[in-house]
Amino acid sequence: MAQILGENLTLGYEGKAVVRRLNFTVEAGDCLCIVGENGSGKTTLLRTMLGLQPPLEGRIRFGDGLTRRDMGYLPQQTEGQRHFPALVKEIVESGFQGRCGLRPFYTRAEKAEARRMLQKVGAADLAGRCYRELSGGQQQRVLLARALCAARKALLLDEPVTGLDPKAAESLYALIRDLHAQGITILMITHDLGPALPLATRVLTMGGEGGAV
Amino acid sequence: MIATLQYYWTFPFVRYALAVGVLIALCASLFGVTLVLKGFSYLGDGLSHVAFGAMSVATVLRFTDSMLLVLPVTVLAAVLLLRGGRRAGIRGDAAIGMLSVGALALGYLVTNLFSAGPNLAGDVCSTLFGSTSILTLTRGEVWLCAGLAAATVGLFLLLYHKIFALTFDETFARASGMGAGRWQLLLAVLIAVIVVLAMYLVGSLLISALVLFPALAAMGVCRSFLGVTVCAAVFAVVCAAGGILLAVLAGTPVGATIVAVNMAGFALFRLAGAVRGGVL
Ligand SMILES: Nc1ncnc2c1ncn2[C@@H]1O[C@H](COP(=O)(O)OP(=O)(O)OP(=O)(O)O)[C@@H](O)[C@H]1O
Ligand SMILES: [Mg+2]
């Protein structure tokens, strides 16, 4: 079975539908690009997949060894976060919260893992830096490392390159390509099709009648 | 001056006030960092007004222990504001504002209509500004306050990493399956408890000072979340202890003195930050 299966989904808020009758599948190792204009419900779709809100109709099924816990999320960054006083490693380690349960502290293995993930996104030297003193591209890498700490089978990225200059965007796409090559399923919302589409194994266009190619 | 302090130190109520005051200020500063960073700076203020309203009602109903009413009502308000506000379609700060003035007005109204006390203005004033009530705590109240405050600090230490995750990125926290809803609920309860405790120390109108000044001072000079938390805690403890001793020595109102010391400390930190940042 596919990793993620959307069946006849209607999504929205408080009974107001934003997306109607959406069907899609994501196989293991796919890179799904979600495109569509502002307000077409792309973020809503990701939020529904993550279980942050219920679908109004239809359902999402997970299979092939994937559960909600295995998905890491890179949200659209909010303004407050950019000025947050915290060290990079504090933020990356917070990705482990989902596995902590009632345990109040991180294990040594988790701390080492966090360092490895930072290395993986090419930001090993940032560990002791202050998050608010980083550039936008560096901040995105840090949040990506946090998402990787939370889950390693699938990544859900909401506009990962927004606000980055072309060079930083290019290197972030290269990073995403690397992660994809390592077998991680990628679901990515994006507005600039030029660099993103070559990565994609499937494209989901929101707005018109939903469907996947 | 040392001799005067030694003389005052022989009175148990001074020692009680110092112990309880420092603990309460410590609690308020720990959670203050979260509140400021989440954009809920005014939550403490709003809740304290709710507590004032509840206190007035408790007084009118002649409750022997007003905390029995004040604590549950404040907890309820905190839960509503931190969790439910999102859904009601009213922006967080506006909801806090409404609840805040509403409770304040209601409390004063109730006191005015039904109060039997001879000194109405004085009673209201002491609830609002704390006056000297921390110096008149009974032994039982001291233990209750100290116990609650100690439990709050203990819980903060256990929940530290969860609080960090929730503060930095609530959406991510909820998506990660850490059970964000339940921790958020616990956080709301703890904040309400602190507000009620703080009302004894500085009175309802001045609580925000205990929440804001330490957090903002620490955020100006520290770069890590741990650093900010520790720095805010130390700042709050020093200012509370200094303020209480100063108030005892000079015979000034405790709450207002603590706030004044906090302001002075904050100015000092800003100056230090500016010097270090090379602005001065
Ligand atoms: N919390 C909410 N409550 C009610 N409606 C909402 C909420 N969030 C979004 N919407 C509505 O749902 C629709 C889809 O929003 P969504 O955020 O999914 O768009 P998007 O495709 O991600 O757009 P963008 O490209 O701007 O990020 C919009 O019309 C928006 O007004
Ligand atoms: Mg969006």
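Residues numbered from 1 in each chain as written. Chains lettered and ligands numbered in written order. Predicted model: local features only at pLDDT ≥ 70, side-chain atom pairs only at ≥ 80, totals over all residues. Heavy atoms only, no water.

**Considerations on the domain arrangement of chain A**
Residue and element names in this part refer to chain A. On domain assignment, one finds that chain A holds domain 1 (1–66 + 154–213) and domain 2 (82–152). Each of domain 1 and domain 2 has a C-alpha centre, and the two are 23 Å apart. Counting residues at the interface gives 12 residues for domain 1 and 11 residues for domain 2. Taken over both partners, the interface formed by domain 1 and domain 2 buries close to 960 Å², and the fraction arising from carbon and sulfur atoms is 70%. At the junction of domain 1 with domain 2, the criterion picks out three residue pairs in polar contact (both at pLDDT 80 or more). Of all elements in the fold, only β6 (154–158) and α7 (166–181) reach the threshold of two or more residues within the side of domain 1 that touches domain 2. With four residues, α7 is the single largest residue contributor to the side of domain 1 that touches domain 2. Of the residues contributing to the side of domain 1 that touches domain 2, the split by class is nine nonpolar, two polar and one charged. (Domains from an automatic or database assignment. Contact = heavy atoms within 4.5 Å. Buried area = accessible area lost by both parts, 1.4 Å probe. Polar contact = N/O pair within 3.5 Å; in protein donor to acceptor, adjacent residues only side chain to side chain. Helix = DSSP H or I, 4+ residues; strand = E, 2+ residues; numbered from the N terminus. Nonpolar A, V, L, I, M, F, W, Y, C, P; charged D, E, K, R; others polar.)

**A short note on the site of ligand 1**
Residue and element names in this part refer to chain A. Not every one of the 13 residues close to ligand 1 is listed here, only the nearest: N38, G39, K42, T43 and T44. Measuring from an oxygen atom of ligand 1, one finds a side-chain N or O atom of H191 at 3.1 Å. Protein burial of ligand 1: of its 640 Å² of free accessible surface, 61% is covered by the chains. (Near = heavy atom within 4 Å. Areas by Shrake-Rupley, 256 points an atom, 1.4 Å probe, with all protein chains shown as cover.)

**Section: the interface of chain B and chain A**
Of the residues lining the interface, 26 residues belong to chain B; the matching set on chain A comes to 33 residues. A buried area of about 2,600 Å², summed over both sides, lies between chain B and chain A, and 61% of it is on carbon and sulfur atoms. Contact with chain A buries area across many residues of chain B, yet F168(B), F172(B) and R223(B) alone supply 30% of it, more than any other trio. Taken together, chain B and chain A are joined by two salt bridges. (Salt bridge = Lys/Arg side-chain N within 4 Å of Asp/Glu carboxyl O.)

**A few points about a nonpolar patch on the surface**
All names here are of chain B. Together, L106, L109, L113 and F114 make up an exposed nonpolar region whose accessible area comes to about 460 Å². The topology assignment puts L113 in helix α5 (residues 92–114). Under the relative-accessibility criterion, L113 is labelled exposed at 62%. (Patch = residues over 30% accessible without salt bridge, like charges linked within 9 Å, V, L, I, M, F, W, Y side chains within 5 Å. Buried < 20%, exposed > 50% of the residue type's maximum accessible area, 1.4 Å probe, protein only.)

**Here we look at empty space enclosed by the protein**
Residue and element names in this part refer to chain B. With the rule as written, the count across this model stands at two cavities of 30 Å³ or more. Volume-wise, the largest cavity comes out at about 70 Å³. In terms of lining residues, the largest cavity is bounded by A28, F31, G32, L35, I191, I194, V195, A198, I207 and V211. Counting residues per element, the ones that place at least two in the lining of the largest cavity are α2 (12–37), α9 (180–202) and α10 (207–221). (1 Å grid on protein atoms, 1.4 Å probe; cavity = no way out; pocket = protein on both sides within 12 Å on 5 of 7 lines; lining within 4 Å. Points joined across faces, edges and corners; volume = space filled by probe spheres on them.)

**Things to note about the packing of helix α5 (residues 108–120) of chain A against helix α6 (residues 136–150) of chain A**
Residues and elements named next belong to chain A. Here α5 crosses α6 at 130 degrees, and the two axes come no closer than 9 Å. Looking at the two axes, α5 sits oblique to α6. Relative to α6, α5 is oriented so that their crossing is right-handed. Facing α5, whose interface residues are A114, M117, L118 and K120, α6 presents A145, L148 and C149. (Axes fitted to C-alpha atoms, helices over the stretch in contact; angles between N-to-C directions. Parallel < 35°, antiparallel > 145°, perpendicular 65-115°, else oblique. Left-handed = near helix turned anticlockwise from the far one by under 90°.)

**Digging into the nonpolar core**
Counting 134 residues, the largest nonpolar core has L155(A), I186(A), M188(A), F31(B), L43(B) and I191(B) as its most contacted members. Per-element accounting of this core gives the leading share, 17 residues, to α9(B). Both domains that furnish three or more residues to this core are identified here as domain 1 (1–66 + 154–213) and domain 2 (82–152) of chain A. Look past the residues within four positions of F31(B) in its chain and what remains in contact with it is T152(B), F156(B), I163(B), L187(B), L190(B), I191(B) and I194(B). (Core = buried A, V, L, I, M, F, W, Y, C linked by side-chain atoms within 4.5 Å.)

**Side note on the pattern of salt bridges**
In this structure the tally under the stated criterion is nine salt bridges over all chains. For K153(A), the salt bridge identified is with D70(A), shortest N-O distance 3.8 Å. With K153(A) in the loop between α6 and β6 and D70(A) in the loop between β4 (57–62) and β5 (71–74), the pair connects residues that are 83 residues apart, well separated along the chain. Residue classification places K153(A) among the partly exposed positions, given a relative accessible area of 38%. Across the salt bridge formed by R146(A) and D169(B), the nearest N and O atoms sit 2.8 Å from each other. A residue pair is termed interchain when its members come from two chains, as with R146(A) in helix α6 and D169(B) in the loop between α7 (139–168) and α8 (170–175). Through salt bridges with shared partners, one network takes in E7(A), R59(A) and R61(A).

**As for the packing of aromatic side chains**
Within the structure shown, the criterion is met by 15 aromatic pairs over all chains. On the numbers, 5.1 Å between centres and 85 degrees between planes, the contact of F84(A) with F168(B) is edge-to-face. With F84(A) in the loop between α2 (79–82) and α3 (88–93) and F168(B) in helix α7, the pair connects residues from two separate chains. There is no split in this pair, since F84(A) and F168(B) are both buried. Ring centres of F235(B) and F269(B) lie 5.1 Å apart, and the angle between their planes is 90 degrees; this geometry places the pair in the edge-to-face category. Placement of the pair is F235(B) in helix α11 (residues 225–250) and F269(B) in helix α12 (residues 254–276), with a sequence separation of 34 residues. Of the aromatic side chains, those joined through ring pairs into one cluster are F84(A), Y131(A), F31(B), F156(B), Y160(B), F164(B), F168(B) and F225(B). In this arrangement the basic side chain of R146(A) is found over the ring face of F172(B), its NZ or CZ atom lying 3.7 Å from the centre. (Phe/Tyr/Trp six-rings, centres within 6.5 Å; stacked < 30°, edge-to-face > 60°. Lys NZ or Arg CZ within 6 Å of the ring centre and 35° of its normal.)

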